[in-house]
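As a plain string of letters, each chain reads:
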Amino acid sequence: NKQVILKDYVSGFPKESDMYLNASGTIKLKVPEGSNAVLVKNLYLSCDPYMRGRMKQPIPGNETYIEPFKPGSPIVGFGVAKVLDSGHPDFKKGDLIWGMTGWEEYSLITATQTLFKIHHTDVPLSYYTGLLGMPGMTAYAGFYEICSPKKGEHVFISAASGAVGQLVGQFAKLLGCYVVGSAGSKEKVDLLKNKFGFNEAFNYKEEPDLHAALKRYFPEGIDIYFENVGGKMLDAVILNMRAHGRIAVCGMISQYNLEHPEGVHNLMTVVWKRVRIEGFMVTEYYHLYPKFLELVLPCIKEGKIKYVEDVAEGLESAPAALIGLFTGRNVGKQVVVVALE
Ligand code: NDP
């Protein structure tokens, strides 16, 4: 059972060498008698920014929402897998599932409450790591439940070409909003404008003054900001918000590798512009998953929602794929294919 192991806790930017491949792991291909675990063969693994938080050494008294990974053990993350054996009444041999699994060829999953059965297989299975999985649900819950969006509003999204951002932008376009995204390369900016149908997009790395760039695209201000990056971008956005605007704080990837996260300087503006800033966690919204599928599946089939993923081949490529999220190497949702069936 080939596995990707976390060597030790990580500080600063993660490196490929923080993980290694163990080619001689073993696993019994049978669920132990009396256990309600599920034994799966992993097909696709998801690389997600939150995983960086799980690589940090825990600080007693300062625990976050999720347990750290265990050095010496396989990385854990979302994936798509096939059930080989099951002691759980809800899953049977041959079922396809998505949820929390290990970065290895086969996993014995005991935390079965994190597993969803896949019922629609007429779309690529890898989509359940992104568009039809956790990031898709994040875009859906963040946009519809947190942003209180209205037709015609002006929406800005950072890290807009990524797993979450590309979908938020398309939801906003479907609602009839004016949508602008920022991303870190010309290729990504072209995708935003030409594939995902954003009204405008810009490369934030080429803008010496983010405040001025936002003024250019939003002369009358921003109604909704979908925050994925934090730092200087958040400060510039606050200055460009319209009265009664909303900021959905989904994530702040620019801060994840910093020992001392940057401060926000323009918060006073939030007072007089009466801006609502609200964080959210996708984990509180999984009850909406059936409603989400009802909306998104037909949109995929009718071509109303486009999706771009960046697929790395094999467990060997998983460490580089994961750390690539923090340099913007991924173009679209970062997936690792372990096996096709
Ligand atoms: P992406 O697919 O967007 O990949 C990460 C992207 O972030 C990179 O490609 C890069 O794009 C950008 N990035 C990396 N470093 C920086 C930086 N220093 N400054 C600005 N941009 C940077 O990831 P996801 O769509 O999966 O995640 C997007 C956000 O959503 C993250 O903040 C994540 O933590 C958050 N999230 C929150 C959830 C919740 O429940 N609240 C659930 C899921 C995700 P570029 O080339 O454009 O810079």
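Coordinates for the structure precede this section.
Note that the coordinates shown come from a computational prediction; the quantities given were computed from them, not determined experimentally.

Cut-offs used in this document
Residues numbered from 1 in each chain as written. Predicted model: local features only at pLDDT ≥ 70, side-chain atom pairs only at ≥ 80, totals over all residues. Heavy atoms only, no water. Axes fitted to C-alpha atoms, helices over the stretch in contact; angles between N-to-C directions. Helix = DSSP H or I, 4+ residues; strand = E, 2+ residues; numbered from the N terminus. Parallel < 35°, antiparallel > 145°, perpendicular 65-115°, else oblique. Left-handed = near helix turned anticlockwise from the far one by under 90°. Contact = heavy atoms within 4.5 Å. Nonpolar A, V, L, I, M, F, W, Y, C, P; charged D, E, K, R; others polar. Buried < 20%, exposed > 50% of the residue type's maximum accessible area, 1.4 Å probe, protein only. Polar contact = N/O pair within 3.5 Å; in protein donor to acceptor, adjacent residues only side chain to side chain. Disulfide = S-S within 2.5 Å.

## Examining the packing of helix α1 (residues 134–146) against helix α2 (residues 163–174)
Move 1: Contact pair α1 / α2: the axes reach a minimum separation of 8 Å and the direction vectors enclose 45°. Here α2 runs oblique to α1, going by the angle between their axes. Both α1 and α2 take part in a crossing whose hand is right-handed. Where α1 abuts α2, its residues Pro-135, Gly-136, Thr-138, Ala-139, Tyr-140, Phe-143 and Tyr-144 lie against Ala-163, Val-164, Leu-167, Val-168, Phe-171 and Ala-172.
Move 2: The residue makeup of the contact of α1 with α2, split by class, is eleven nonpolar, two polar and no charged.

## Examining the side chain of Asp-85
Move 1: Its place among the elements puts Asp-85 in strand β4 (residues 76–86).
Move 2: Of the residues examined, Asp-85 reaches a relative accessible area of 15% and is grouped as buried.
Move 3: Polar contacts involving the side chain of Asp-85 include one to the main-chain amide nitrogen of Val-31, which spans 2.7 Å.
Move 4: Ignoring any residue separated from it by four or fewer positions in sequence, one finds Asp-85 in contact with Lys-30, Val-31, Val-38 and Leu-39.

## Observations regarding the state of the cysteines
Move 1: Scanning the entire structure with this criterion turns up zero disulfides.
Move 2: Cys-47 takes part in no disulfide bond, and the closest cysteine sulfur, belonging to Cys-250, lies 17 Å away.
Move 3: Of all cysteine sulfurs, the one in Cys-147 lies closest to Cys-177, which takes part in no disulfide; the gap is 9.4 Å.
Move 4: You can call Cys-177 buried: its relative accessible area is 4%.

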